[in-house]
Amino acid sequence: MIEIFELSKNYNDLLALDKLTLSVSENSIFGFVGPNGAGKSTTLNILTGIILPTSGCAKILGYDLIKDSVEIKKNIGVIPEVLALFDGLTGKEHLTFVGKVYGMEKSLLENRIKELLEFFDLTSAKDRLIETYSQGMRKKIAFASAIINSPKALFLDEPFENVDPVMRKRMKEILTRMKNKGASVLITSHALIEVEDFCDEVAIINKGKLVFQSKTSGIRNKIKNEINNESYRSLEEIFLDIVNEGNSQNEKTLSWL
Amino acid sequence: MQLNILDIELLEVSFGELKALDNLNLQIPQGCIFGLIGPNGAGKTTTINCITDILDYDLGKIKIFGKDLSTEGLAIKKKMGALYENTEDLFQYLTGEEYLQFTGEIYGLDKNTIIERSNTLLDYFELDSYRFMLIDEYSKGMRKKIALASILLHNPDFIILDEPFDGLDALTVVKLKNLLKKLKEKEKTVLITSHILSYIEDLTDEVAVINKGKIVFQSKISELRSKVKNAVTNETYKSLEEIFIDLTNTKGENKIENLNWI
Amino acid sequence: MAIINYYKDIKIIRSIFRLNKHVFFNSFKRNDTWLRVLTIVLLVYILFHSIVSGGIAASLFKSFMHPGDKYYFPVINVSLFVLFVLNILASIYLSTSKYSEIIGTKLLYYPVSAFKIVLFGIFAATADLYNLFFVPFYAVTFLVIGYINSFTSFLLLLVIFCLFVMLTGSIIYLLKNLYLLIVSNQRQKKIFSYAGVALLLLIFIFPRETIGIFEKVRNILAVSKIVIYLPSGILANFVASTTGTITSKFLPAFVYFFLINILLFDLNRKIQKKLNRKKSIGCGTKFNKKQGRLVLFIKKHITNPVNKKDLIYSFRSTRELSNYLLLIYAYTLIAFYSFQMFFSHQIKGTDILYMSLFFIAFHLIVILKNCDNFFGYDYGGVINYFNKPLGYSNLLKYKTSSFNFLSKFNFVIGTICLIILQINILDYLLFISLLIITYFLLKHLGAVLSINHPYRISFYGLSGMNVSFVTMLIILITTLLFLVISYLLFKELSPFDKAIVSLIFLVVSFFLFKLNQKINSYLANLFVNKKEKIVSTCS
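Rules used in this analysis
- As a convention, each chain's residues are numbered from 1 in the sequence order in which they are written.
- For naming, the first written chain is A and the first written ligand is 1, with later ones following in the order written.
- Under the rules for a predicted model, residues below a pLDDT of 70 receive no local features and side-chain atom pairs below 80 are neither given nor counted, while totals for whole chains, interfaces and linings still include all residues.
- Numbering of helices and strands runs from the N terminus; a helix is a DSSP stretch of H or I covering at least four residues, while a strand is a stretch of E covering at least two.
- Each radius of gyration is computed over the set of C-alpha atoms, and the globule rule expresses the reference value as 2.2 Å times the number of residues to the power 0.38.
- Three classes are used. A residue is buried when 20 or more other C-beta atoms lie within 10 Å of its own, exposed when 12 or fewer do, and partly exposed in between, with C-beta atoms placed from the backbone.
- The contact criterion used here is simple: two residues whose C-beta atoms, placed from the backbone, lie within 7 Å are in contact.
- Whether two strands pair depends on DSSP finding at least two bridges between them.
- Axis definition: a line fitted to C-alpha atoms, limited for helices to the stretch in contact. Angles are taken between N-to-C directions and run from 0 to 180 degrees.
- Buried Ala, Val, Leu, Ile, Met, Phe, Trp, Tyr and Cys residues whose C-beta atoms connect them within 7 Å together make up a nonpolar core.
- Bear in mind that the domain bounds are from an automatic or database domain assignment.
- Gly is placed with the polar residues, together with every amino acid not listed as nonpolar (Ala, Val, Leu, Ile, Met, Phe, Trp, Tyr, Cys and Pro) or charged (Asp, Glu, Lys and Arg).
- Across the chain, each position has a pLDDT score giving the predictor's confidence in that residue, from 0 to 100.
- Take the residue count of a helix, subtract one, and multiply by 1.5 Å to get its expected span.
- This arc is built from the directions going out from the helix axis to the C-beta atoms.
- By definition in this entry, angles of less than 35 degrees are roughly parallel, angles greater than 145 are roughly antiparallel, angles of 65 to 115 are roughly perpendicular, and the rest are oblique.
- When the near helix sits turned anticlockwise from the far one by under a right angle, the crossing is termed left-handed; a clockwise turn instead gives a right-handed crossing.
- The handedness of a crossover follows from its direction of travel: if, with the strands pointing away from the viewer, the path from the first strand over the helix to the second runs clockwise, the crossover is right-handed.

Draft legend 1. Fine view of the overall build of chain A. Summing up its helical and strand segments, chain A has eight helices and ten strands in all. Here the C-alpha atoms of chain A give a radius of gyration of 20 Å, agreeing with the 18 Å that 2.2 N^0.38 yields for 257 residues. Principal-axis analysis of the C-alpha atoms gives chain A an extent of 65 × 50 × 40 Å. A total of 257 residues make up chain A; the buried ones form 49% of that total. Long-range contacts, defined here as pairs at least 24 residues apart, represent 67% of the contacts in chain A between residues at least 6 apart.

Structure representation (structure tokens):
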């Protein structure tokens, strides 16, 4: 259960987040979308305890964001935008480190590592340094690190990026199972088609403000604005309408092509 | 007779004992938007690196525009452009504008053309307010955009886009889709890879699947759903994803049931 | 309950230590075996050297001075202070602190508090190799000079010394983090780097004055009175002062070190917290910066894109800029002092020539450093040289142009100086022909090194080695060879022999010039095979 109340973040004169209020219930996969610079990463960084908000509060799994930040970190799984992997470690060493820091017991940890490496097809690469991994492999290790502790809340920044279709399917299977067992999963993504397909609920953030929120199941029946009264055909359309300020250039300007 | 823009024959590349490309054959006809898909480690990046001449191949032949890459490289490169998955080819400590200028000059464009086209491109990709910012400080999406801008400057006839959609925001995705349509109208050839198969199905004319260093499947998109499945079920495929999983998923043991604690 | 939590915390700290150990040892896995062996040999040698020189210095000192001497204690005190400062500077400036910084920020994602991150950081800084190298030196010095006459006093010294080493580690960690804090803001970064360069220049311009402070004997006593309150002073007092026994001085020393350590720890924690917060400002930094006039000038007048880009880079990189500035000031300094001495008739022109050989050798170092690694700052951008219609021979030409420029500059300056110093014509001929041969050899050597051994250099920052091991070795050998050969040639040969040798050199240079084309195409061909290595090393 993730509860956010009027979370704001101010960088000198730049208001990155403006009184964001949101909640992700248990048994739910929540898609968090928005254009670049809208505040998605800032939100995630605040919720995962990397930066402090200027005002507002949040509760994650019942723990207060600021007072119990170490407790929160013990119980959540994170894939940050930058992946935060230790390049100087091998895949296996990294997972071992993560498990130990979460206080997992030795034999349990070893078993889970073995299973995860097999599931993600990383067994042959487990003793290679992470810096030799391809982007897709790094994503897989990051994903494995995030779920190794069976956390009840997950914060995943573009989890499927660079991941091939087969692995994508597997990751989605895992997240669905975790959700069914009560986890709250917060995902950011730019692939709106995917968000519409996979998430239960979606919110659009623009310029630090929450501008749209809805369950994904009924999304194609939302009515368009008064001008043509047609319903939207996809999340992508809704997104474009809300976020686009109409100043975008046309490809016709690229006249030399 | 239609000219093949890209003609790869029996390409072989090995990294030590690992054979990355194994007698790869690939032909891309002119004017086609061609999708190349495959699992991680299948050889996509290796193939693209060979085509763009940043990786040497052990055996085989690569012909672009009918010319041999190893002997007529300069002429070929003048009309080609490539977007790499990690945008690692950007000069970190140049500003966006300077990088475009660098690219334009290397392609032999004259000064005024470079300035004019750079301005248009920076505007188009909404990077105008970041033109004086070092590329090092760009976000991932911005890097993709400046890389895209840099390959359009010299009006190439053959464009390679390696995972162009990853990291792009939804608005730019739409822009890119429209751009592809325009390139198709002008009979340019595009080689595009993506892990989001719905994009590939939507945008490409023909698609090939690469796995373990070989092309294991190739078909026009229009004929995709009429291809027959294996002899066992004789059913046709319902989507590109199905074909993909069937062809590349070799391990049956990676069942989610193995992770019983999830 | 509290005990269980405490135990879990210890486990986390243990995992972090293991992390650091893994990262450190894994970094060896990457390099070639012979490099690994060489590094270990070097480490053992330096350790040995540290012990031996410490012992020798201390014994020499003891043989010259007596405990009762007025300057006995002040000299120990001030020397220890200088050592202390060198220790800290060496650890900051030379250590490639890749893992301590990166680990510090990455650990934020895990349930590890700032307290633990700092604790780990201090241990890492203390256990840093460059810091530990000084330890044997200190240790041996104390054993020789100090009043260690019983096992108890040895134990007490051990305790105090451990606290001292930890304190040094804390200071190193503090200064590194302060630097990161300053550098995280672009504007502050610029001010800081210019201030640093200005300071270095001051030392170059007024070397006499800076060193002179210590020369005056009176000053040692004055300095000693001040530094005795610093950690190095307290330690010196504990070990070597004649007033009181070790046991009686133990308690005040212990309290002092303990308190200072706690103070530093707290300071470190505050700075770490600030750093953690600062780290996250990704977007929103300055947008429309105004173009510097120098950059605009470059863009207007340099036509080829590669040179343009390289020049822009040199002006943006604090490292490159400081290299160039040092070069210019080295020239100025040398010229200034040698002219001064010549015109005051203190030395003959030929003696200056001999001296100048050292400085030419220094220039070789700088020049070679500038041309041995073309692709150092390019990182992934090297790909542009291969996938765009540039051509290998053009690439070679453009990348060696800065070397050409520096060499010509060196040549012209050298000529002017030698004319002013009224060197005779034969010596001059020999000098010029030597330079020309060296130019050709270095140019091609540099190209071969760049193509065969490319490596990344960090763009900003002054710390860390920016020369690879191989290059360093080659630079040392080349410089030594140059010095020895040129000295012998100038000193030992008769005028007639000099003429002959000059002629030979000039003829060889002529042939090398003719061969230039062939060598260039050979080098260009190297690119074909090596571009993979270049791309993978740099990106």
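Next comes the rest of the write-up.
Draft legend 2. The overall build of chain B, seen in detail. Looking only at helices and strands, chain B has eight helices and ten strands in total. Taking 2.2 N^0.38 as the reference for a compact globule, 262 residues should give roughly 18 Å; the C-alpha atoms of chain B span a radius of gyration of 20 Å, in line with that estimate. Dimensions of chain B, computed from the C-alpha atoms along their principal axes, are close to 65 × 50 × 40 Å. The buried share among the 262 residues of chain B stands at 52%. Considering only contacts within chain B whose residues lie at least 6 apart along the sequence, 66% involve residues at least 24 apart.

Draft legend 3. Representation of the sheet that holds strand S3 (residues 33–37) of chain B. All names here are of chain B. Read from one edge to the other, the open sheet built from six strands follows the order S6-S7-S8-S3-S9-S10, with strand pairing classed as mixed. Because the sheet does not close on itself, it has two edges, and the strands there are strand S6 (80–83) and strand S10 (214–220). Taken pair by pair, the neighbouring strands of this sheet meet at an average axis angle of 15°, ignoring direction. Bridging between S3 and strand S9 (residues 206–211) involves four bridges; their strand directions are parallel. Its bridge partner lying in S9, Leu-36 is registered against Ala-208. Contacts from helix H8 (residues 240–248) reach S3, S9 and S10, with the element oriented near 25° to S9.

Draft legend 4. Region of interest: the nonpolar core. Core analysis: the biggest nonpolar cluster contains 216 residues, and A:Leu154, A:Val185, A:Leu186, B:Ile64 and B:Val190 have the highest contact counts within it. Taken together, domain 1 (11–278) and domain 2 (299–538) of chain C each give at least three residues to this core, which thus spans both. Beyond its immediate sequence surroundings of up to four residues, B:Ile64 is in contact with B:Ile5, B:Leu6, B:Leu69, B:Ile76, B:Met80 and B:Phe158. In this structure, C:Leu430, C:Leu435, C:Leu442 and C:Phe505 belong to the second largest nonpolar core, which totals seven residues.

Draft legend 5. Examining the interface of chain A and chain B more closely. Taken together, the contacts link 42 residues of chain A with 41 residues of chain B. At the level of elements, helix H4 (106–119), helix H5 (135–147), helix H6 (165–180), helix H7 (192–198) and helix H8 (235–243) of chain A are the ones that each hand at least two residues to the side of chain A that touches chain B. Looking at the side of chain A that touches chain B element by element, the count peaks at eight residues for H6(A). Among the residues forming the side of chain A that touches chain B, the class breakdown is 18 nonpolar, eleven polar and 13 charged.

Draft legend 6. A look at the confidence of the model for chain B. When the pLDDT values of chain B are averaged, the result is 89; 95% of them are 70 or greater. The complex model carries a pTM of 0.80, and its ipTM stands at 0.91.

Draft legend 7. Examining helix H20 (residues 401–420) of chain C more closely. Residues and elements named next belong to chain C. For H20, with 20 residues, the first-to-last C-alpha span of 29 Å sits near the 28 Å given by 1.5 Å per residue. Taken together, the buried positions of H20 are occupied by Phe-403, Ser-407, Asn-410 and Cys-417. For H20, the buried positions fall inside an angular range of 100° around the axis, keeping them on one side. Turned more than 90 degrees off the buried face of H20, the exposed positions are Phe-405, Lys-408, Val-412, Ile-416 and Ile-419.

Draft legend 8. Representation of the interface of chain C and chain B in the model. The interface is formed by 30 residues belonging to chain C together with 27 residues belonging to chain B. Classifying every residue of the side of chain C that touches chain B by side-chain character gives twelve nonpolar, eleven polar and seven charged.

Draft legend 9. Looking closely at unusual backbone geometry. Residue A:Leu61 is not a glycine yet carries a positive backbone phi of 55°. Of note, A:Leu61 is situated in the loop between strand S4 (55–60) and strand S5 (63–64). For A:Leu61, a count of 19 C-beta atoms within 10 Å gives the class partly exposed. A positive phi is found at B:Thr87, a non-glycine position, where the angle reads about 45°. Secondary-structure assignment places B:Thr87 in the loop between S6 and helix H3 (96–106).

Draft legend 10. Local environment of the environment of A:Ile76. Residues and elements named next belong to chain A. For Ile-76, the position within the fold is in strand S6 (residues 76–79). Using a count of 26 C-beta atoms within 10 Å as the deciding quantity, one classes Ile-76 as buried. The contact partners of Ile-76, leaving out residues within four places of it in the chain, are Thr-48, Ile-60, Pro-151, Ala-153, Leu-154 and Phe-155.

Draft legend 11. The packing of H3(B) against helix H5 (residues 140–152) of chain B, seen in detail. Residue and element names in this part refer to chain B. Relative to each other, H3 and H5 sit at 25°, their axes nearing to 9 Å. Judged on the interaxial angle alone, H5 and H3 are roughly parallel. Every pair of crossing elements has a handedness; the one defined by H3 and H5 is right-handed. On H5, the residues that touch Gly-96, Tyr-99, Leu-100 and Thr-103 of H3 are Ile-146, Ala-149 and Ser-150. A breakdown of the residues in the contact of H3 with H5 according to their chemical character gives four nonpolar, three polar and no charged.

Draft legend 12. Examining the pairing of strand S7 (residues 153–157) of chain A more closely. Residues and elements named next belong to chain A. A large share of S7 lies buried, amounting to five of its five residues. Residues Ala-153, Phe-155 and Asp-157 line one face of S7 and the alternating positions Leu-154 and Leu-156 line the opposite face, and both faces are buried. By the bridge criterion, five bridges tie S7 to strand S8 (residues 184–188) in an arrangement that is parallel. Within S8, the residue paired with Leu-156 across the bridge is Ile-187. With H6 bridging S7 and the parallel S8, this β-α-β connection has right-handed handedness.

Draft legend 13. Focus on the environment of C:Gly233. All names here are of chain C. For Gly-233, the location among the structural elements is in helix H12 (residues 231–240). C-beta crowding within 10 Å serves as the criterion here: with 21 such atoms nearby, Gly-233 is assigned to the buried category. As a C-alpha pair, Gly-233 and Val-306 span 73 residues in sequence and 54 Å in three-dimensional space. Excluding residues that lie within four positions of it along the chain, Gly-233 makes contacts with Asn-77, Phe-81, Val-227 and Ile-228.

Draft legend 14. Spotlight on the packing of H20(C) against helix H21 (residues 425–452) of chain C. Residue and element names in this part refer to chain C. The geometry of H20 relative to H21 is characterised by a closest axis approach of 11 Å and an angle of 170° between their N-to-C directions. Judged by the inter-axis angle, H20 sits roughly antiparallel to H21. In the crossing of H20 with H21, the sense of the turn from one axis to the other is right-handed. Between H20, through Phe-403, Ser-407, Phe-411, Gly-414 and Leu-418, and H21, the contact on the second element is made entirely by Tyr-428, Phe-431, Leu-435, Tyr-439, Lys-443 and Gly-446. Among the residues forming the contact of H20 with H21, the class breakdown is seven nonpolar, three polar and one charged.

Draft legend 15. Representation of the pairing of strand S2 (residues 18–29) of chain B in the model. Residue and element names in this part refer to chain B. Judged from the eight bridges that link them, strand S1 (residues 4–15) and S2 form a sheet pairing that is antiparallel. Within S2, the residue paired with Asp-7 across the bridge is Gln-27. Counted between consecutive antiparallel strands, the loop separating S1 from S2 contains two residues, among which Gly-16 sits at a positive phi close to 65°.

Draft legend 16. Representation of the sheet that holds S5(A) in the model. Residue and element names in this part refer to chain A. Strand order in the open sheet made by the four strands is S2-S1-S4-S5, with antiparallel pairing throughout. Only two strands of the sheet have a single partner each, and these edge strands are strand S2 (14–24) and S5. One ladder, built from two bridges, connects S4 with S5; its direction is antiparallel. Looking across to S5, one finds that Lys-59 is bridged to Asp-64. Sheet strands in contact with helix H1 (residues 40–47) are strand S1 (2–11), S2 and S4, and its direction is about 65° off that of S2.

Draft legend 17. Main features of the environment of C:Leu155. Relative to the assigned elements, C:Leu155 resides in helix H8 (residues 151–183). Between the alpha carbons of C:Leu155 and C:Leu296 there is a distance of 65 Å; along the sequence they are 141 residues apart.

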